[in-house]
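The primary structure of each chain is shown beneath.
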Amino acid sequence: MGTEHSKNERRRSMGFLRKGPKLPAWEDALLSGKEPKSLLKRGLRYVSLSLIMKGMTSTPDFLWGLPEVQKLNLSRNQLVAIPPSLGKLDRLVVLNLGGNCLKCLPKEIGLLRNLKVLFVNMNCLTEVPAELSLCRKLEVLSLSHNCISQLPLSFADLSNLRKLNLSNNRFVQIPLCIFALRSLDFLHLGSNRLENIAESIQYLANLQIFIVENNSIRSLPRSLCFLTTLELLNVDYNAIQALPDDLYLLRQLPRIAWNPMDKGLHIAHNPLSRPLPEVIEGGLDVLFNYLREKKEHH
């Protein structure tokens, strides 16, 4: 009996070894007995911490005791929430939360007054906290690939915002607050549910790249033609039948473009009325001459 009991114990012991030890807490797994500060990388300009693809479902507690961190990358994990403690990292300049499972952001994000770059793309957000508008230094914001349908009016206060990516969301119209963002030079609203572009688009006088591909836009407003700094206008895959006569004013567009990020006018896959399809085949100069002559005859 004793011998049989010993064999069973050995079998159980071997089985345990094959399965491997139980996973320790996040802190132990990430630190391996080191001090939290040992994870920081001190570059010439920034103190950074990267925890990409660590399989985390929650943020490690030691993180909130590192107030000196300026660049924090928590992307491509399985985070479902960011705690209010985020507000303690008030020296953050760059924050990457992309590729997680976040349904909301804590209102304490508004305490990050030095934040210039924020990525929250590829999550499950349905809304954005109004407190984000307190991050007045914000220059780059990506909220792409979420489930957002509106933005807080207070977003109009983000006067330094230059690049905004809202693609692959659920916007039916361009939020009004966007037209107050006069510093924008890049605006991506592709793959939403837009049916029109408001005349107020003309207020974005510094816009260089405007992407609204893969929506349900039926026409382009005349005011779009006053954005003479545009170098890339992408309206591929919409329901556009006619073009505004003043489109020829967009002289910074170098060509009819076909590759997604090439500068120029992207107008493919629209039910354009004849003779526009044939005119476009001749190139941008031919199109602009056609529109100019059409206007003069009117």
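Criteria and cut-off values
- Residues numbered from 1 in each chain as written.
- Predicted model: local features only at pLDDT ≥ 70, side-chain atom pairs only at ≥ 80, totals over all residues.
- Heavy atoms only, no water.
- Buried < 20%, exposed > 50% of the residue type's maximum accessible area, 1.4 Å probe, protein only.
- Helix = DSSP H or I, 4+ residues; strand = E, 2+ residues; numbered from the N terminus.
- Pairing = 2+ DSSP bridges.
- Salt bridge = Lys/Arg side-chain N within 4 Å of Asp/Glu carboxyl O.
- Polar contact = N/O pair within 3.5 Å; in protein donor to acceptor, adjacent residues only side chain to side chain.
- Contact = heavy atoms within 4.5 Å.

> Pulling in residues and values, what's your account of the pairing of strand E2 (residues 47-50)?
Burial along E2 is one-sided: Val-47 and Leu-49 are buried, and none of Ser-48 and Ser-50, which face the opposite way, are. Bridging between strand E1 (residues 41-42) and E2 involves two bridges; their strand directions are antiparallel. Bridge pairing in E2 places Lys-41 opposite Ser-48. The antiparallel hairpin formed by E1 and E2 contains four residues in its connecting segment. Here E2 pairs with strand E3 (residues 71-73) via three bridges, running parallel. Across the sheet, the residue bridging to Ser-50 is Asn-73, located in E3.

> Give a detailed account of unusual backbone geometry, specifying residues and quantitative values.
Residues Arg-274 and Pro-275 are joined by a peptide bond in cis, for which omega reads 10 degrees. Inspection of the secondary structure puts Pro-275 in the loop between strand E11 (264-266) and helix H3 (276-281). Non-glycine residue Asn-168 carries a positive phi angle of around 55 degrees. The residue Asn-168 is located in the loop between strand E7 (163-165) and strand E8 (186-188) in this model. With phi around 55 degrees, Tyr-237 is a residue other than glycine that occupies positive phi space.

> Go over the pattern of salt bridges, please, and point to the residues and values.
Across all of its chains, the model carries 12 salt bridges by this definition. Asp-157 serves as the salt-bridge partner of Arg-136, at 3.7 Å between the closest nitrogen and oxygen. Of this pair, Arg-136 sits in the loop between strand E5 (117-119) and strand E6 (140-142) while Asp-157 sits in the loop between E6 and E7; the two residues are 21 residues apart in sequence, bridging distant segments of the chain. Its relative accessible area of 39% is what places Arg-136 among the partly exposed residues. Overall, the relative accessible area of 35% leaves Asp-157 in the partly exposed class. Here Arg-218 ties to Glu-195 by a salt bridge, and the two come within 3.9 Å at their closest N and O atoms. Taken together, the residues span a long stretch of sequence, with Arg-218 in the loop between strand E9 (209-211) and strand E10 (232-234) and Glu-195 in the loop between E8 and E9 at a distance of 23 residues.

> Lay out the environment of Asn-215 in plain terms, naming residues and giving numbers.
As for its position among the elements, Asn-215 is in the loop between E9 and E10. With relative accessibility at 8%, the residue Asn-215 sits in the buried group. Counting along the chain gives 19 residues from Asn-215 to Asn-196, while the straight-line C-alpha distance between them is 9.0 Å. In this structure the side chain of Asn-215 is engaged in a polar contact, spanning 3.0 Å, whose partner is the backbone oxygen of Val-212.

> Pulling in residues and values, what's your account of the environment of Ser-191?
Considering the arrangement of structural elements, one finds Ser-191 in the loop between E8 and E9. In the structure, Ser-191 is positioned 64 residues away from Glu-127 in sequence and 17 Å away in space, judged by C-alpha atoms. For Ser-191, the residues in contact, after removing those within four places along its chain, are Asn-168, Asn-169, Glu-213, Asn-214 and Asn-215. Reaching out from Ser-191, the side chain makes a polar contact with the side chain of Asn-214 at a distance of 3.0 Å.

> Could you give me a rundown of the side chain of Ser-142, with the residues and numbers involved?
Along the polypeptide, Ser-142 turns up in strand E6. By relative accessible area, which is 8% here, Ser-142 ends up buried.

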